[in-house]
Amino acid sequence: MALGSQVEESLKEAEASLRNALAYSAREERPMVCSVISDMISRIDSLIKTDSILDKLDNRKFGDTGFFGTMFGQDD
């Protein structure tokens, strides 16, 4: 099940806000603050990309090599 469009849009807005916060924190805050903010950005980005990959896997037909090709060779 794909992320809803509202959820994905909200995540992208949050990511943009965090990038803005990271730009300000890089100038005035401790390095630990920048590290935590950048980790949040990374997690949001990973969530969006991982959901997309899981959708592709869920929509595969039985026996289909799919977009990714064979990962483990042919099943005998």
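A brief look at the structure comes next. (Residues numbered from 1 in each chain as written. Predicted model: local features only at pLDDT ≥ 70, side-chain atom pairs only at ≥ 80, totals over all residues. Heavy atoms only, no water.)

Concerning the overall build of the protein chain
A count of helices and strands for the protein chain gives two helices and zero strands. Expressed as a percentage of the 76 residues in the protein chain, the buried residues total 14%. Sequence separation of at least 24 residues holds for 49% of the intrachain contacts in the protein chain that already meet a minimum separation of 6. Roughly 6,500 Å² of accessible area belongs to the protein chain as shown, and the carbon and sulfur atoms make up 55% of that amount. (Helix = DSSP H or I, 4+ residues; strand = E, 2+ residues; numbered from the N terminus. Buried < 20%, exposed > 50% of the residue type's maximum accessible area, 1.4 Å probe, protein only. Contact = heavy atoms within 4.5 Å. Areas by Shrake-Rupley, 256 points an atom, 1.4 Å probe, with all protein chains shown as cover.)

Considering the nonpolar core
Core analysis: the largest hydrophobic core is formed by six residues, namely L11, L18, I37, I41, I44 and I48. If you list the elements that add at least two residues to this core, you get α1 (5-28) and α2 (31-58). Looking at which element gives the most residues to this core, the answer is α2, with four residues. (Core = buried A, V, L, I, M, F, W, Y, C linked by side-chain atoms within 4.5 Å.)

A look at the pattern of salt bridges
Inspection of the entire model under this criterion finds four salt bridges. In this structure, K12 engages E8 in a salt bridge whose closest nitrogen and oxygen atoms are separated by 3.4 Å. With K12 and E8 both in helix α1 and four residues apart, this pair spans about one turn of that helix. Relative accessible area serves as the criterion here: at 46%, K12 is assigned to the partly exposed category. Here R43 and D39 are joined by a salt bridge, their closest N and O atoms 3.1 Å apart. Of the two residues, R43 and D39 both sit in helix α2, four residues apart, roughly one turn of that helix. (Salt bridge = Lys/Arg side-chain N within 4 Å of Asp/Glu carboxyl O.)

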